[in-house]
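# Inside the fold
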Amino acid sequence: MTFLCGLYLVVGAIICLFFGMFAVTSTRERRSRAAILACCMVIVMVAAWLGLYLAYESQPLPLMIPIVAVVLITLVFFFPIGIRKPVPCAKVTERVDERDVMFAREEYEAGTDKYEQYYRMRPEFKQVDDRLRKLPPLLHPGGRYYDASRSESIRDTFRTISRMTVQVDGPCAAQSAIVDPDAMTARIKNTVLELGADDVGIGPLNPQFVYSHVGRGPEPWGRPIVNTHKYAIAFAVEMDYDAVETAPKLPTVEESAAKYLKAAKISIELAERIRAMGYPARAHISDSNYQIMLPPVAADAGLGEVGRIGYLIHPRLGARLRLGAVTTDLPLVPDKPISFGVQDFCEICKKCATNCPSAAIPKGDRTVQRGVEKWPLAVEQCVYYWRVVGTDCGLCMKVCPYSHPPTFVHNLVRAGIKRSRIAQRLSIWGDDVFYGWKITRDTI
Ligand code: SF4
Ligand code: SF4
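What you see is a predicted model, and the numbers here were worked out from it, not measured in a lab.

What counts and how
- Residues numbered from 1 in each chain as written.
- Chains lettered and ligands numbered in written order.
- Predicted model: local features only at pLDDT ≥ 70, side-chain atom pairs only at ≥ 80, totals over all residues.
- Heavy atoms only, no water.
- Helix = DSSP H or I, 4+ residues; strand = E, 2+ residues; numbered from the N terminus.
- Rg over C-alpha atoms; globule rule 2.2 N^0.38 Å.
- Buried < 20%, exposed > 50% of the residue type's maximum accessible area, 1.4 Å probe, protein only.
- Contact = heavy atoms within 4.5 Å.
- Areas by Shrake-Rupley, 256 points an atom, 1.4 Å probe, with all protein chains shown as cover.
- Lys, Arg positive; Asp, Glu negative; His and termini not counted.
- Charge placed at Lys NZ, Arg CZ, Asp CG, Glu CD.
- Expected span 1.5 Å × (residues − 1).
- Phe/Tyr/Trp six-rings, centres within 6.5 Å; stacked < 30°, edge-to-face > 60°.
- Lys NZ or Arg CZ within 6 Å of the ring centre and 35° of its normal.
- Core = buried A, V, L, I, M, F, W, Y, C linked by side-chain atoms within 4.5 Å.
- Near = heavy atom within 4 Å.
- Nonpolar A, V, L, I, M, F, W, Y, C, P; charged D, E, K, R; others polar.

### Quick word on the overall build of the chain
In terms of helices and strands, the chain carries 17 helices and eight strands. Relative to the 2.2 N^0.38 estimate, which gives 22 Å for 444 residues, the radius of gyration of the chain is 25 Å and therefore close to what a compact globule would have. Each of the three principal axes of the chain carries a C-alpha extent, and together these read 85 × 55 × 40 Å. Looking at the chain as a whole, 50% of its 444 residues qualify as buried. In the chain, of all internal contacts separated by at least 6 residues, the share reaching a separation of at least 24 is 77%. Accessible area for the chain stands at about 20,600 Å²; split by element, carbon and sulfur atoms hold 61% of it. Each charge sign in the chain was given a centre, from 54 positive and 46 negative side chains, and these centres are 3 Å apart.

### A closer look at helix α7 (residues 148-164)
With 17 residues, α7 extends 25 Å from end C-alpha to end C-alpha; this agrees with the ideal 24 Å at 1.5 Å per step. Looking at the packing, one finds that the buried side of α7 touches α10 (250-276).

### Some remarks on the packing of aromatic side chains
On inspection of all chains with the given rule, the structure shows 15 aromatic pairs. When the ring of Tyr8 is compared with that of Tyr53, the centres are 6.3 Å apart and the planes differ by 15 degrees; the resulting orientation is stacked. Here the residue Tyr8 occupies a position in helix α1 (residues 3-28), and Tyr53 occupies one in helix α2 (residues 32-56), the gap between them amounting to 45 residues. Connected via pairs of aromatic rings, a cluster forms that spans Tyr108, Tyr115, Tyr118, Tyr119 and Trp221. Taking NZ or CZ as reference, Arg131 lies 4.0 Å from the ring centre of Tyr384, over its face.

### Considering the nonpolar core
Nonpolar side chains in soluble globular proteins tend to end up buried together. In this structure, Ile188, Val192, Ile233, Ile274 and Leu330 are the most contacted members of the largest nonpolar core, which totals 64 residues. Listing elements by their share of this core, those giving two or more residues are α7, α8 (181-194), β1 (199-204), β2 (231-238), α10, β3 (281-284), α11 (294-300) and β6 (321-328). Of all the elements, α10 adds the most residues to this core, at 12 residues. What Leu330 contacts, discounting residues up to four positions off in sequence, is Val179, Met184, Ile188, Tyr231, Ile274, Met277 and Tyr279. By size, the runner-up hydrophobic cluster in this structure holds 24 residues, among which are Cys352, Ala360, Ala378 and Cys396.

### Describing the site of ligand 2
In the vicinity of ligand 2, the residues found are Arg308, Ile309, Ile313, Phe345, Cys346, Cys349, Lys350, Lys351, Cys352, Cys400, Pro401 and Tyr402. With three residues, helix α12 (residues 342-349) is the largest single contributor of residues to the shell around ligand 2. Residue composition of the shell around ligand 2, grouped by class: nine nonpolar, no polar and three charged.

### Digging into the site of ligand 1
Close contacts around ligand 1 come from Cys356, Pro357, Ser358, Ile361, Cys382, Tyr385, Trp386, Cys393, Gly394, Leu395 and Cys396, and that covers them all. Elements that contribute at least two residues to the shell around ligand 1 include exactly α14 (379-389) and α15 (395-399). It is α14 that provides the largest number of residues to the shell around ligand 1, a total of three residues. A class-by-class count of the residues in the shell around ligand 1 yields nine nonpolar, two polar and no charged.

By themselves, these figures tell us nothing about what the structure is for.
Have a look at this one:
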């Protein structure tokens, strides 16, 4: 056997191994379309590669053509080309009033002082919010996927989180411990991971990411929010892949609730430990005691990039996560924001927008909002659909190519996406072929 024949067979074996691994991965992920197509690819590759080999074994020069083609495709896939710098969210020029957040607005009941006061201030939202309130609230009878016992049990979890909102802050120990910021940063990160988070980062707290006024939770509605903490410790909690795959049905909101509860426990415990060292610390938890906007805070803390979907996209967990945070004055060393090609990829992908049943995610370009270029979400339409189905939907999270589990094959694709615009185009094409372009026909 000549060197060329040997090389040809090795290259063929690597390609078949890649598709074989993809078939196994897809079977484990219960993605039957991808698994069947990957098996077909293995069969086609084996047949074509061996067929060529048998045809040209005696005069192997033409075997160079497929070898060169594979090498070129691999080089193009990983060669750094065309990736631009992400738009930094830190440039934002204006704070958001939490009273304007959709989750606050949907709670204003007609006939109450809050309702009258709010819609005097923001009459432009009244019609759309009144229309929304005509539908049953989330997890209540009337939603498409309502199930008496399961929906009630999920509401219990949210009620538990609501009761925890009074534990987010408290007095500090009288004496502040003397700390070395480097050592303390390492210790805090270890603590967060030990408490159950899947990743953690520390950012400087940008005051523009602090809501201007209280809109939800136990604190007085409309009170100006003052949070001058220097740092935000942000962390991610992974959502179970199988549960997210059931979106927009009940298991996905079950998983959301469980992970919001987990994030709340982690942040409350962490804030308590920091206050015990004599430094102020405030946990920011769901349902709702957020004083800060978590996605940009987590992006500043180096946990990921904010995508078209409006969520943080993490390099390993994708959009399949829930965030938590503690703000504090404990001396720490902040991380730097990271970039792995998400914003470039989102410009051409648009899979979340294609599959959003309420058309809440734009298919167009970013627009400038509060001084930053971002994709404007129609949150009213999103929450309207939540009420129609009675869950928190999650279809956009499910279809996002970054939400695939971090297996070898998916990580290899992500490595290309991070470096090359061509790899991004090929990956989107591959994702559509193997997983489907439009996975839902569901609409409002
Ligand atoms: S959660 Fe559902 S309705 Fe809302 S933006 Fe995502 S896909 Fe659209
Ligand atoms: S589905 Fe595509 S466009 Fe949407 S957030 Fe994910 S990568 Fe970006």
